[in-house]
Amino acid sequence: MGWRLDIAEANEEYLTESDLWRLTQQFLMNATYTTTYKHILMKSLLECTTEIDETGKIDFLEISKHVAKIYWNLVITNELRQVNIKTGESSIEKVLKNFQMKYSIPSEWNFENLSESQQSELSKNINIVYKKYVYGSFYSSFNGTIYSFNKKEEWVKLVPIYIVFFEKYKRILMNVTNYQLSIFLEKYNSSELMKSILSKVEFVSARQSLGEFKKILLQHGQTNCFYCRKPLKKIHVDHFIPWSYTQNDVLWNFVLSCPSCNSSKNNRIAEIEFLYNLIDRNKKLTHTTYMKNYTEKKLNYTYEYAIQNGFNIWTPNKKL
Ligand SMILES: [Zn+2]
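Predicted model, so just to flag it, every value in this text is computed and none were measured.

Another aspect to go through is the coordination of the zinc ion. Surrounding the zinc ion are the protein donor atoms C225 (SG), C228 (SG), C258 (SG) and C261 (SG), at 2.3 to 2.4 Å. Taken together, the four donor atoms coordinating the zinc ion and their angles of 104 to 114 degrees define a geometry best described as tetrahedral. Look at where the donors of the zinc ion fall in the sequence and you get C-x2-C-x29-C-x2-C. One end of the pair, C228, is in the loop between α10 (211-219) and β5 (236-239); the other, C261, is in helix α12 (residues 259-265), and 33 residues separate them in sequence. Each of the two residues, C228 as well as C261, counts as buried.

L74, L122, Y130, Y147 and F166 are the most contacted members of the largest nonpolar core, which has 65 residues in total. With 10 residues, the top contributor of residues to this core is helix α3 (residues 60-77). If you look at the next biggest cluster of nonpolar residues, it comprises 37 residues, including L210, L256, I279 and W314.

What follows deals with the pattern of salt bridges. Inspection of every chain in the model, using the stated rule, returns 12 salt bridges. For E121, the salt bridge identified is with K102, shortest N-O distance 2.7 Å. Of the two residues, E121 sits in helix α5 (residues 116-133) while K102 sits in helix α4 (residues 91-102), which places them 19 residues apart along the sequence. The closest approach of N and O atoms between K283 and D280, which form a salt bridge, is 3.5 Å. On the criterion of helical spacing, the pair formed by K283 and D280 is a turn pair, its members being three residues apart in helix α13 (residues 272-283). Here the residues in one salt-bridge network are E62, K65 and K292, joined through shared partners.

What follows is about the layout of surface pockets. Roughly 1,100 Å³ of volume is contained in the largest pocket. Around the largest pocket, the lining is made up of 31 residues, and of these K65, Q119, R207, E212 and D249 lie nearest the centre. Secondary structure elements with two or more residues in the lining of the largest pocket: α3, α5 and α10. When residues of the lining of the largest pocket are assigned to their parent elements, the largest contribution, five residues, is made by α3. Residues belonging to the lining of the largest pocket are distributed by class as follows: eight nonpolar, 12 polar and 11 charged. Two domains each donate at least three residues to the lining of the largest pocket, and these are domain 1 (2-202) and domain 2 (211-314).

So, about the pairing of strand β4 (residues 155-158). The pairing of strand β2 (residues 57-59) with β4 spans three bridges and is antiparallel. Paired with I58 across the two strands is V156, which belongs to β4. Relative to β4, strand β3 (residues 147-150) runs antiparallel, the two sharing four bridges. Within the sheet, the bridge partner assigned to N150 lies in β4 and is W155. Between the end of β3 and the start of β4, which pair antiparallel, lie four residues, with E154 showing a positive phi angle near 60 degrees.

Moving on, we get to the domain arrangement of the protein chain. Structurally, the protein chain comprises domain 1 (2-202) and domain 2 (211-314). Residue-level contacts link 16 residues of domain 1 with 19 residues of domain 2. Buried surface at the junction of domain 1 and domain 2, both sides included, amounts to about 1,600 Å², of which 42% is carbon and sulfur. Looking only at domain 1, the three residues that lose the most surface to domain 2 are T50, E167 and R171, adding up to 40% of its buried area. Here domain 1 and domain 2 share one salt bridge between them. Between K292 and E62 there is a salt bridge, with its nearest N and O atoms 3.4 Å apart.

Rules used throughout
- Residues numbered from 1 in each chain as written.
- Predicted model: local features only at pLDDT ≥ 70, side-chain atom pairs only at ≥ 80, totals over all residues.
- Heavy atoms only, no water.
- Donors = N, O, S within 2.8 Å, 3.2 Å for Na, K, Ca; no water.
- Tetrahedral: all angles 85-135°; square planar, octahedral: opposite > 155°, others 65-115°.
- Helix = DSSP H or I, 4+ residues; strand = E, 2+ residues; numbered from the N terminus.
- Buried < 20%, exposed > 50% of the residue type's maximum accessible area, 1.4 Å probe, protein only.
- Core = buried A, V, L, I, M, F, W, Y, C linked by side-chain atoms within 4.5 Å.
- Salt bridge = Lys/Arg side-chain N within 4 Å of Asp/Glu carboxyl O.
- 1 Å grid on protein atoms, 1.4 Å probe; cavity = no way out; pocket = protein on both sides within 12 Å on 5 of 7 lines; lining within 4 Å.
- Points joined across faces, edges and corners; volume = space filled by probe spheres on them.
- Nonpolar A, V, L, I, M, F, W, Y, C, P; charged D, E, K, R; others polar.
- Domains from an automatic or database assignment.
- Pairing = 2+ DSSP bridges.
- Contact = heavy atoms within 4.5 Å.
- Buried area = accessible area lost by both parts, 1.4 Å probe.

In structure tokens:
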């Protein structure tokens, strides 16, 4: 039984891209789910690729922040049940609801409304459940090929070829994970809650406010639109590489722009000269704690992979 394992090394077999597709599809299609635990771990790992280096090591607590955010927004904010029985709750749902009661948090609150210390306490509680039940069984679902893990030291180390695979096909993998998750939720929730379920699941991790990032960038002297260079009056915070690709909010991927550049760019990616400008801009930010895990190389390959994932190139209208 995979979930009982405390330490495991990734199998060192040689895997082709077809193998990775086969293993991932087996995971997504064949697993018998009693809860949504594994879907959410998959979603969190896809989000985490923006934060890890190429060695692939990531602490349980880092992953738990993503898991906690997704679950809070699904279970508390959207009231969606997460187990395959009509009555009763999963351990995660109990953790969330006890936490909500302990601090009398209103159900409408999104995860980002919780204070930093609450977010971290909740992530720790979630980590206990994930450590016990999920990391080992997720490992087994991929025949032990996806990562090594150590429950005592609390980390997973993704196999490098999986990191590349995740980056290269992130959009498709995220879409199919969201789809499978929605199918599961549909079975065990009332039809009323299922209204636009796929878009709820798709945006469950998206932040509602980017104000925090705007403040930091303004403090670091960005006073003109990053794209057209006009002085900023109304300020938009733009994901340089679209959020729908990164599925994560990291300072190094944010720029300030005027409303017209922001809306004209939409879900596209700016041409390469702006990547070079962003690399320069990020050099000025490297001393902030928000830049943890940032490297120029990471920005470069995230840009390349976003293009491979089908995002179109956008050129600002310089006559704006
Ligand atoms: Zn502009």
